[in-house]
Structures are given as structure tokens and as C-alpha cells.
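# Structural description and commentary
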Amino acid sequence: GAGVSQSPRYKVAKRGQDVALRCDPISGHVSLFWYQQALGQGPEFLTYFQNEAQLDKSGLPSDRFFAERPEGSVSTLKIQRTQQEDSAVYLCASSLQGIQPQHFGDGTRLSIL
Amino acid sequence: QQQVKQSPQSLIVQKGGISIINCAYENTAFDYFPWYQQFPGKGPALLIAIRPDVSEKKEGRFTISFNKSAKQFSLHIMDSQPGDSATYFCAAGKDGSYKLIFGSGTRLLVRP
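What counts and how
- Residues numbered from 1 in each chain as written.
- Chains lettered and ligands numbered in written order.
- Predicted model: local features only at pLDDT ≥ 70, side-chain atom pairs only at ≥ 80, totals over all residues.
- Heavy atoms only, no water.
- Helix = DSSP H or I, 4+ residues; strand = E, 2+ residues; numbered from the N terminus.
- Buried < 20%, exposed > 50% of the residue type's maximum accessible area, 1.4 Å probe, protein only.
- Polar contact = N/O pair within 3.5 Å; in protein donor to acceptor, adjacent residues only side chain to side chain.
- Contact = heavy atoms within 4.5 Å.
- Pairing = 2+ DSSP bridges.
- Axes fitted to C-alpha atoms, helices over the stretch in contact; angles between N-to-C directions.
- Disulfide = S-S within 2.5 Å.

### Quick notes on the side chain of A:Arg64
All names here are of chain A. Summarising the element assignment, Arg-64 is placed in the loop between β6 (53-56) and β7 (65-68). Overall, Arg-64 belongs to the buried group, its relative accessible area being 11%. A distance of 3.2 Å separates a polar side-chain atom of Arg-64 from the backbone oxygen of Arg-81. Sequence-distant contacts of Arg-64, defined by excluding residues within four places in its chain, comprise Lys-78, Ile-79, Gln-80, Arg-81, Thr-82, Gln-83 and Asp-86.

Set out below in C-alpha cells:
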């Protein structure tokens, strides 16, 4: 497809379970970003990849959050031992290089029960 | 210093009217200011962006006005249509960097 693809679109998990969210960026895009969007709020930066290198993970809320992009294309955001406060929409974005323009996927809505 | 403050939180406009959304920033190093449009269940989509070397940029019915001295920028939607009903986010960043700081969003409703 032409756009950023995220899966699953919806994920429900029980507190304490591990979850994995997938992002397929636009082909050829070097930069990949993960954001967290709480209900009624703007996206908040989580982490940034340039190719396979994770250059900034300063926005990850805790060490339960882990992201990888091993071959410089598909990326996975993993959340271990999920908590209720992890409930949010997780957005992935990609760009040819750096800050702009960023193309967003439709997100994964994560609900922790 | 990294915050971007957006107002109003919500806005109701009649069809054909002008919608105006405002943002303010603190970090003078910011030099890239995009606006995103988000429909329910969808990701944000880039509408229009501006750099500080111009005071205004227009694309169709959408105009960004930029006031560098006041550290403010705004989005104007002319001839607002019901299809424009969405949430709008301003953002700020530094060209050559990668991090975008988003405002908290404005929920726009355009009444027929």
C-alpha cells in the first residue's frame, strides 16, 4: 500500500499481559516515529528510528516499553506487563528523512482491562 | 519551553464562515510549523506547514499566519464546510531535527 500501515487496529489486553504493535512504514522512508495519543490530546513523541538505529527513545514512559526496527523497515512497539494507564492510541509515522513531512498511520487503539 | 499551546479547545462555525485556530510556542529554535487534520479513527494528516521566513502561506481554503516576534501562528479555514469538521493539531519542530511537539488539538464542528 501507499501509506503507513499499522496492525492490529484494536487491541484489548488484560493488565499484566504483554502486547506487540506493528508498523509498516512507507517504502523507502528512512525515518520512523512512534507516538502515543491519549483521548482528547495531541500525539506525544515516544521514539525515533533512522533506518535500524534507534536514535531517540526519550519519550518512552518506562522500561516496560521497547521498540525495534531490526531491518530498517517494519517496526514493532512492545509493551510488557501492561498497566491501565497504557490505554491509548499508538501512532506510527514515517518520513523520507527527519522531521518532515511525517505521514501517519491510523494507529492501534490499545485498551487495558 | 518545549510546549506548544493551542486554542480554542473546541470551535463551532457555520457553513461558509471562517475558522481560526491559534497556537503559541516558547522555543525560539523552532523553525518548522505544520498543521495536521485528524478525523475520528484516523491518523493525523498533514494539511499545510510554514517556516519563519514567511508571514503567511496559503493553500486553497487553508492559510497559516505566522508572527515571529509574538511566537504565535494560526490556521484560518476560509469558507468552512461540514467536511472540515475534524480535530486540528498545530505542531512545532526544528528543521534538521526529527522531533515534533504537538498542541493539544482543536475540535472543529462546521454546521450546515
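That shown, we press on.
### Some details on the sheet that holds strand β8 (residues 75-79) of chain A
All names here are of chain A. Read across the sheet, four strands follow the order β1-β3-β8-β7 without closing on themselves; strand pairing throughout is antiparallel. Bordering the open sheet on either side are β1 (5-7) and β7, each of which pairs with just one other strand. Recorded for the sheet is a direction-independent mean angle of 15° between the axes of neighbouring strands. Sheet analysis places strand β3 (residues 19-24) next to β8, joined by five bridges and oriented antiparallel. Each residue of the ladder has a partner; that of Ala-20, found in β8, is Lys-78.

### Comments concerning the state of the cysteines
Residue and element names in this part refer to chain B. Counting across every chain of the model gives two disulfides over all chains. Covalently, Cys-23 is tied to Cys-90 through a disulfide, its sulfur atoms 1.8 Å apart. Judged by the torsion about the S-S bond (-90°), the Cys-23/Cys-90 disulfide is left-handed. With Cys-23 in strand β3 (residues 19-25) and Cys-90 in strand β9 (residues 86-93), this residue pair connects regions lying 67 residues apart in the sequence. Judged by relative accessible area, Cys-23 falls into the buried class, the value being 3%. On the basis of relative accessible area, Cys-90 is assigned to the buried category, the value being 0%.

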